Amino acid sequence: MSSAAVTKATLPRPGQASYGEIVHAALARIAAENARLNALLDVYAEEALAQAEALDKQAAAGQPLPRLAGLLYVHKDNIAVAGHRLSAASRILEGFVSPYDATVIERLKAAGAICIGRANCDEFAMGSSNENSAYGPVQNPLAEGYVPGGSSGGSAAAVAAGFCHVALGSDTGGSIRQPAAFCGLYGLKPTYGRVSRYGLIAYASSFDQIGPIAASLDDLIAFYEVMAGWDSRDATTAAYPVKPYTSQEPPKRWAWLQPVGLHPAVEAHMQAIYEILQKKGFVVEKVDFPYWEYLIPAYYILTTAEASSNLARYDGVRYGHRSAQAHTLEELYARSRREGFGPEVKRRILLGTFVLSAGYYDAYYTQAQKVRRILYDFTESLLGQYAIIALPTSATPPFRLGEKTQDPIQMYLSDLLTVYANLTGHPALQVPVGQTAEGLPIGLQLMGPLYEENRLFTAAYAMAALGV
Ligand code: GLN
């Protein structure tokens, strides 16, 4: 077993080539591969080249360069970039151009990172395979015919294909970690409230977090540190300072969650890593997790409830698609929404409206909130005894395109292991840990205390040093 064993296309890095050359290399790859992969919906060639040229001039003049100078990234199509289209991969926002930058974009721009395009995703970030996009599915760059994961599938595919160094995703129930796992990459869902959601199209506001996907842990950390921290425009951001990462002694006590029903290759990798860690002096203990069966129901009740409210704003009046067939106001709302939303989004609006309706609210929504609290308390008490909680990111390696599209429940069940961290708000880092005999990537995730992202980074570096 070797760390991040999957071969990935790599771009030159700052220092290895001029900024202009890095952008040209990325554009050449995009030109060669994007039509097949469908990872990017827009490419910002001119802007990226202009930014690179300015950086090259600064460098030539011996001026100091900002921290992320020359690192290329793409933004998921639910994160606003001023002057560019923003559609959440939905027909309902077709043609919409964002008038402003999300806070994360503003911060990355100021740090010299170069945005090279807009990444495909599942419609309104609802999905686990990137097959719910109005702009077509994304191919996994590492395995022809397989999904890249979702909902940030275009983001992960863009990194794996060497279009950029880092990609921004959003994670409501796994949408950064699962596609990162399916593409053999690192992916971080920060603590809820750590990164501003200003400029992120809301899916389920009490779950959503923006985070980075990258082939290199160093790049992931650098992007995280620039994006994280309090923002006056998002009242849910925390005021805790973001402590710059410094390498430390790895945490020694790990709780190990190994659910039943794992794919044999995932199970074998987990077991092998467990044994290596133990041999190397870590105290890794298999812990019983009594709540597996409640995770998916609680997650889908709460997120669809929030989504039904968040998506009420797409009414055909304020922005996006407006039906040409409507004669009355009622008809305008109904037809615009019917024509604009795809089937998965409609399914979730219906489910969310149902669980919030009088007579069912207590039976579903209130119960799910209680489950959420119980999970949080359990996790906090577990983290009182262990420094890290480790579990697989996905029970299976990537599946084939089309394999689960006929059965939404099967698709929902594939999120079992990732929704946990969103229900409790704890940070979670996906770490690539190898591949199946057929070359399909396998991932493991590390969870830790609120705002202790640095502990996850330390643990991931320790794993890399051990070759797992
Ligand atoms: N696959 C999950 C869902 O469909 C997670 C999505 C996400 O994290 N945005 O809800």
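Residues numbered from 1 in each chain as written. Predicted model: local features only at pLDDT ≥ 70, side-chain atom pairs only at ≥ 80, totals over all residues. Heavy atoms only, no water.

### What about the site of the ligand?
Thr172, Gly173, Ser175, Tyr203 and Tyr299 are the nearest of the 15 residues found near the ligand. Measuring from a nitrogen atom of the ligand, one finds a backbone N or O atom of Gly127 at 2.8 Å. In the environment of the ligand, a nitrogen atom lies 3.4 Å from a nitrogen or oxygen atom belonging to the side chain of Ser151. Relative to its unbound accessible surface of 290 Å², the ligand loses 100% to contact with the protein. Its residues placed into classes, the shell around the ligand shows five nonpolar, seven polar and three charged. (Near = heavy atom within 4 Å. Polar contact = N/O pair within 3.5 Å; in protein donor to acceptor, adjacent residues only side chain to side chain. Areas by Shrake-Rupley, 256 points an atom, 1.4 Å probe, with all protein chains shown as cover. Nonpolar A, V, L, I, M, F, W, Y, C, P; charged D, E, K, R; others polar.)

### Quick notes on the sheet that holds strand 3 (residues 114-119)
Neighbouring strands of a sheet are bound in pairs by backbone hydrogen bonds; such pairs are parallel or else antiparallel. Read across the open sheet, the 11 strands follow the order 1-3-2-4-6-5-10-11-9-7-8; overall the sheet is mixed. The outermost strands of the open sheet, each flanked by one partner alone, are strand 1 (40-43) and strand 8 (283-286). Averaged over all pairs of adjacent strands, the angle between strand axes in this sheet comes to 25°, irrespective of strand direction. The pairing of strand 10 (residues 428-435) with strand 11 (residues 441-447) spans seven bridges and is classified as antiparallel. Bridging across to strand 11, Gln435 finds its partner in Pro441. Each of strand 1, strand 2 (72-76), strand 3, strand 4 (166-171) and strand 6 (209-214) touches helix 4 (residues 153-160); the most contacted strand, strand 4, lies at about 160° to it. (Pairing = 2+ DSSP bridges. Helix = DSSP H or I, 4+ residues; strand = E, 2+ residues; numbered from the N terminus. Axes fitted to C-alpha atoms, helices over the stretch in contact; angles between N-to-C directions. Contact = heavy atoms within 4.5 Å.)

### Re the packing of aromatic side chains
In this structure the tally under the stated criterion is 26 aromatic pairs. Measuring from centroid to centroid gives 5.7 Å for Phe207 and Tyr299, while their planes differ by 85°, and the two rings are edge-to-face. You can see Phe207 sitting in the loop between strand 5 (186-189) and strand 6 and its partner Tyr299 sitting in helix 8 (residues 292-310), a full 92 residues away along the chain. Neither Phe207 nor Tyr299 differs from the other in exposure class; each is buried. On the basis of an interplanar angle of 90° and a centroid distance of 6.3 Å, the ring pair of Tyr314 and Phe341 is categorised as edge-to-face. Here the residue Tyr314 occupies a position in the loop between helix 8 and helix 9 (329-340), and Phe341 occupies one in the loop between helix 9 and helix 10 (343-355), the gap between them amounting to 27 residues. With respect to class, Tyr314 is no different from Phe341; both count as buried. Put simply, the rings of Phe96, Phe124, Tyr314, Tyr319 and Phe341 pair up and form one aromatic cluster. Between the NZ or CZ atom of Lys252 and the centre of the ring of Phe282, over which it lies, the distance is 4.7 Å. (Phe/Tyr/Trp six-rings, centres within 6.5 Å; stacked < 30°, edge-to-face > 60°. Buried < 20%, exposed > 50% of the residue type's maximum accessible area, 1.4 Å probe, protein only. Lys NZ or Arg CZ within 6 Å of the ring centre and 35° of its normal.)

### Things to note about a nonpolar patch on the surface
A grouping of Leu351, Phe354, Tyr360 and Tyr364 is seen on the molecular surface, where their side chains present a nonpolar patch of about 340 Å² in accessible area. Inspection of the secondary structure puts Leu351 in helix 10. (Patch = residues over 30% accessible without salt bridge, like charges linked within 9 Å, V, L, I, M, F, W, Y side chains within 5 Å. Salt bridge = Lys/Arg side-chain N within 4 Å of Asp/Glu carboxyl O.)

### Observations regarding the pairing of strand 10
A regular strand places its side chains so that they alternate between the two faces of the sheet. A large share of strand 10 lies buried, amounting to seven of its eight residues. Sheet topology note: the strand 5/strand 10 ladder contains three bridges and is antiparallel. Paired with Leu188 across the strands is Leu429, a residue of strand 10. Taken together, strand 10 and the strand that follows it, strand 11, pair antiparallel across an intervening segment of five residues, in which Gly439 is found at a positive phi of about 90°.

### A look at the pairing of strand 9 (residues 388-392)
Along strand 9, five of the five residues are buried, which leaves the element largely enclosed by surrounding structure. Side-chain alternation along strand 9 places Ile388, Ala390 and Pro392 on one buried face and Ile389 and Leu391 on a second face that is also buried. Pairing analysis gives three bridges linking strand 7 (residues 253-256) to strand 9, with the strands arranged parallel. Residue pairing in the sheet places Trp256 in a bridge with Ala390 of strand 9. For strand 9 and strand 11, the ladder comprises four bridges, and the chain directions are antiparallel. Bridging across to strand 11, Leu391 finds its partner in Gln445.

### Comments concerning helix 3 (residues 103-110)
Taken together, the buried positions of helix 3 are occupied by Thr103, Val104, Ile105 and Leu108. In the stretch just after helix 3, Gly112 is the one whose phi turns positive, near 90°.

### A short note on unusual backbone geometry
Cis geometry marks the peptide bond from Gly150 to Ser151; its omega dihedral reads 5°. If you trace the backbone, Ser151 turns up in the loop between strand 3 and helix 4. With a phi angle near 60°, Asn38 is a residue other than glycine that sits in the positive phi range. Note on placement: Asn38 falls in the loop between helix 1 (19-37) and strand 1. The phi angle at Asn130 is positive, at roughly 60°, despite the residue not being glycine. On the basis of relative accessible area, Asn130 is assigned to the buried category, the value being 0%.

### Observations regarding the packing of helix 6 (residues 217-227) against helix 14 (residues 453-465)
In the contact formed by helix 6 and helix 14, the axes pass within 11 Å of each other and the chain directions differ by 175°. What the angle tells us is that helix 6 and helix 14 run roughly antiparallel. Of the residues in helix 14, those in contact with Leu217, Asp218, Leu220, Ile221 and Tyr224 of helix 6 are Glu453, Phe457, Ala460 and Tyr461. Grouping the amino acids of the contact of helix 6 with helix 14 by side-chain chemistry returns seven nonpolar, no polar and two charged. (Parallel < 35°, antiparallel > 145°, perpendicular 65-115°, else oblique.)

### So, the confidence of the model for the protein chain
In the predicted model, the protein chain carries a mean pLDDT of 96, and the fraction of residues at 70 or more is 98%. Here residues 1-6 is modelled with pLDDT under 50, and outside its nearest four sequence neighbours on either side it reaches 22 contacts, counting other chains as well. (pLDDT = per-residue confidence, 0-100.)

### Re the state of the cysteines
Using the criterion set out here, one finds zero disulfides in the structure. No disulfide involves Cys164; its nearest neighbouring cysteine sulfur is the one of Cys115, lying 9.1 Å away. Since its relative accessible area comes to 4%, Cys164 is described here as buried. Counting only cysteine sulfurs, Cys164 is the nearest neighbor of Cys183, a cysteine outside any disulfide, at a range of 11 Å. Judged by relative accessible area, Cys183 falls into the buried class, the value being 0%. (Disulfide = S-S within 2.5 Å.)

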